[in-house]
Amino acid sequence: MSVLLGLFFELTMSLTMLRFALLFLAVLALPVQAATVNDLYQTQVTLIGSDQQADQAAREQGLANVLVKISGNTDILNNSAIKAAITNSGRYISQFGYNQVNGQRAIDLSFDKNQIKQLLIQSKASIWKDQRPNILVWMVDNDGQQRNILWDQSTNALVSDTKQAADSRGLPLTFPVGDMTDATAINVSDLWGNFIDPIAAASTRYHADGLLLVKAQQQPDGTVSLNWQFYPQQPSKIATADTQPITGTTSGTLAQTSNKMINQVTDYLANKYAVVLGGVAGGKINIEVDNIHSTEDFFALEKMLSNLTTVGSANAMRIKGNSVIFQLNLQGSEQAFHQEISHDNQISQTQSAVAFAADPVVSTPVAVTPVATTDPSAVTSTAAVTSAPVVNALTVTPQNIYSWNS
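Residues numbered from 1 in each chain as written. Predicted model: local features only at pLDDT ≥ 70, side-chain atom pairs only at ≥ 80, totals over all residues. Heavy atoms only, no water.

Per the stated rule, a full pass over the model turns up five aromatic pairs. An aromatic cluster of at least three residues, connected via ring pairs, comprises Phe298, Phe299 and Phe326. Across the ring face of Phe96, the terminal group of Arg59 is positioned such that the distance to the ring centre comes to 4.3 Å. The aromatic ring of Tyr98 is capped on one face by Arg105, whose charged end is 4.4 Å from the ring centroid. (Phe/Tyr/Trp six-rings, centres within 6.5 Å; stacked < 30°, edge-to-face > 60°. Lys NZ or Arg CZ within 6 Å of the ring centre and 35° of its normal.)

Next comes the structure, spelled out in structure tokens:
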């Protein structure tokens, strides 16, 4: 037994030492992931009035805003448990302060991340993690006289309204900066004519996860019509993608059209990436990930797993060659975990039938010479002494074997 404990201790220390060595080498070299939304749990609400009732209404509206952003679902406000929580918004607020916005008094609210997450779990609602696809927006405005590309710093209200609509849903947007590189890479006719090759080429520098192409037509009555196409792939993959873009048209005021367009795009992405954590959690599962060739790969993988909504914690249990075994503590079902990880292009499921972790770790038998004695009951057989317990295998089922796409 002492030998077994010694082997276990050595294995644990080896993994710990290896992990710290890898961290020392790779901490400055982690690859960039999808955009991280940092303000999901914060919101600002204009106060309509100056009494306590107006303040309470703003706090309730603030909680509703945050729940929509985190869940990715506007229909969450119809959930009976959510409705009850909103009327008791104070228990979820972690910080607040008052401000002036465009001459109006407003309240800045921050909500407790753990409390909100528990509320969504108890309500069997969806949760969309803070790492979300970054969408590049190419927008052309036709005012009846000429067509203009709207850049990031444009004063056109279409840009600010679109950004505001995306912020209210927690969707990262990037507008092209409009510098010399952009101006020479693409022109208005490319965008208006939906010429994919020049659009994809001009988009490469922004490392986006999706592309939204918008054509705006100003109307004589002051309204605007939007015709848009959303490509949910990296721009470099649009030309070879099997799926058609999501399209839409809408007319109305600038704010109405921007909100409707962004809501449709966000609903599509949330339906794909958000997961439901309510119900029975999956407990612990082991996964094997192959094709780990560097310290950067290891820590990028660990970070990716830890950031999954369905994963409470991810612990590296064994490293061998180019493969790593992680034990995951799930806070959702195993089905929800598989759904979520299938959307991450950094990792893919393999058909490998052999996992190195399938072999159990067996303690080494130690021969013991029986001590001579006249007391038969005191004789211990060699077989009894050398039958040390077997350490349970880190079993990895075929559906939990992945390959890292470095």
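Close contact between helix H2 (residues 52–71) and helix H4 (residues 113–122) brings their axes to 11 Å; oriented N to C, the two are set at 70 degrees. The angle between H2 and H4 places the two elements in the roughly perpendicular class. Both H2 and H4 take part in a crossing whose hand is right-handed. Here H2 contributes Leu63, Leu67, Ile70 and Ser71 to the contact with H4, which in turn contributes Ile116, Leu119 and Leu120. Considering only residue class, the contact of H2 with H4 consists of six nonpolar, one polar and no charged. (Axes fitted to C-alpha atoms, helices over the stretch in contact; angles between N-to-C directions. Helix = DSSP H or I, 4+ residues; strand = E, 2+ residues; numbered from the N terminus. Parallel < 35°, antiparallel > 145°, perpendicular 65-115°, else oblique. Left-handed = near helix turned anticlockwise from the far one by under 90°. Contact = heavy atoms within 4.5 Å. Nonpolar A, V, L, I, M, F, W, Y, C, P; charged D, E, K, R; others polar.)

What follows is about the sheet that holds strand S20 (residues 401–404). Read from one edge to the other, the open sheet built from five strands follows the order S15-S16-S14-S20-S17, with strand pairing classed as mixed. Pairing within the sheet leaves two strands with one partner each, and these edge strands are strand S15 (311–320) and strand S17 (347–349). Across the sheet, the mean angle from the axis of one strand to that of its neighbour is 30 degrees, orientation sign disregarded. Bridging between strand S14 (residues 283–290) and S20 involves three bridges; their strand directions are parallel. Bridged to Asp290 within S20 is Ser403. (Pairing = 2+ DSSP bridges.)

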